[in-house]
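Structure assessment
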Amino acid sequence: REREAYAARHEEARTQDGHRVEVAANLGNTAHAADAVERGAEGVGLLRTEFVFMAHPDAPDLDTQIAEYRQAIDALDGRPLVARTLDVGGDKPLPYWPLPQEDNPFLGLRGIRLALTRPEVLETQLRALLTAAGDRPLRIMFPMVKDIAEFRAAREIFDRVQAEVQASDVQLGVMIEIPSCALLAPSLAAEVDFFSIGTNDLTQYTLAIDRGHAELSAQADGLHPAVLALIRMTVEAAHAEGKWVGVCGELASDAQAVPVLIGLGVDELSVSARQVPMVKARLRELTLETARHHADMALRQSTSDAVREALEAL
Ligand code: PEP
Ligand code: MG
């Protein structure tokens, strides 16, 4: 089965009734983009740019960043790159960006909140991304956004850069990782081009379980019906405005979750490169109708264990 999936890795993924779902790769290292394409990725659905920063002993300057992003975009050869702007703080320190000691770093200065305290860093990053892209498809998203005010503040910086750098195929989105953003998705959907749901953090913040907790993290299951309800709200709000939704957290490659996410209307799944062939194969086994049935079943349960049992029984 694995061999069959691998042989078909370069074909697009459609359900048996013809519903197309894009399957992209998550990336931390721009040098791995070519490998992702070789494994069948239709683009990069999440470039974790903090790893680009971590790979350098000092903050990478504009030219260094341009070279990094260009490497990925060149390798993608016309396929889209979804780049997440710098997401540090919380569990992700940067040696040359000292952060205050906090009692609750996961609830502290991280993601877009932190980036907005140093707008010149975000501005340089955006300039590098747009310059590297030129006329090739680039999607930029901001991490850990909690409401539209943060998106607008980040977009203001983006608009300033875009006025100076020519890039012709750019979309701007937010990651849905904080429950407030899912609950307020209709207000955001009107102003963004897309959403990408980060189920790792969305699950952590919905269930109040540290995603890295030694004893509890197994309970941080993205198939929890509360998380699924937030995903549904996000997709409905986006589609009502004609915007697309991806999922780039671990849940996107969970065999039981794939039909549920498609049934909820998710348009793109972004998974680690080595999982691309299997996720495509899983999609080809489905029909949209069975996927919707999986989603309905899941949403009717009241715990993640019940969701998994109900899906297993289908
Ligand atoms: C997520 O939170 O689901 C996500 C994709 O981002 P990261 O895992 O890098 O926090
Ligand atoms: Mg995250």
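The text that follows walks through the structure, step by step, so that each part is easy to find. (Residues numbered from 1 in each chain as written. Chains lettered and ligands numbered in written order. Predicted model: local features only at pLDDT ≥ 70, side-chain atom pairs only at ≥ 80, totals over all residues.)

Moving on: the site of ligand 1. Neighbouring residues of ligand 1: Leu-46, Arg-48, Glu-177, Gly-198, Thr-199, Asn-200, Asp-201, Cys-248 and Gly-249. In terms of residue count, the dominant contributor to the shell around ligand 1 is helix α10 (residues 199–207) (3 residues). Here the shell around ligand 1 is composed, by residue class, of 2 nonpolar, 4 polar and 3 charged. (Near = placed C-beta within 6 Å. Helix = DSSP H or I, 4+ residues; strand = E, 2+ residues; numbered from the N terminus. Nonpolar A, V, L, I, M, F, W, Y, C, P; charged D, E, K, R; others polar.)

Looking now at the nonpolar core. Residues Val-44, Ala-72, Leu-129, Val-174 and Leu-261 are the most contacted members of the largest nonpolar core, which totals 93 residues. Setting aside residues no more than four positions away along its own chain, Val-44 makes contact with Ala-24, Ala-25, Leu-27, Ala-33, Ala-36, Ala-72, Leu-76, Leu-81 and Val-82. (Core = buried A, V, L, I, M, F, W, Y, C linked by C-beta atoms within 7 Å. Buried ≥ 20, exposed ≤ 12 C-beta atoms within 10 Å, placed from the backbone. Contact = placed C-beta atoms within 7 Å.)

Non-glycine residue Asp-77 carries a positive phi angle of around 50°. Phi at Met-144 is positive, roughly 55°, even though this residue is not glycine. Take Met-144: it is sitting in the loop between β5 (138–142) and α7 (148–162).

Moving on, we get to the environment of Ser-272. Looking at the secondary structure, you find Ser-272 in strand β9 (residues 268–272). Given 18 C-beta atoms within 10 Å, Ser-272 falls into the partly exposed group. Separated by 262 residues in the primary sequence, Ser-272 and His-10 have C-alpha atoms spaced 16 Å apart. Excluding residues that lie within four positions of it along the chain, Ser-272 makes contacts with Ala-25, Asn-26 and Ser-253.

This part is about the pairing of strand β6 (residues 170–176). Counting buried positions over the 7 residues of β6 gives 5, a clear majority of the element. Note that β5 and β6 share 5 bridges and pair parallel. Its bridge partner being in β6, Arg-139 is matched across the sheet by Gln-171. In the sheet, β6 pairs with strand β7 (residues 194–197) via 4 bridges, with the strands oriented parallel. Within β7, the residue paired with Ile-176 across the bridge is Ile-197. (Pairing = 2+ DSSP bridges.)

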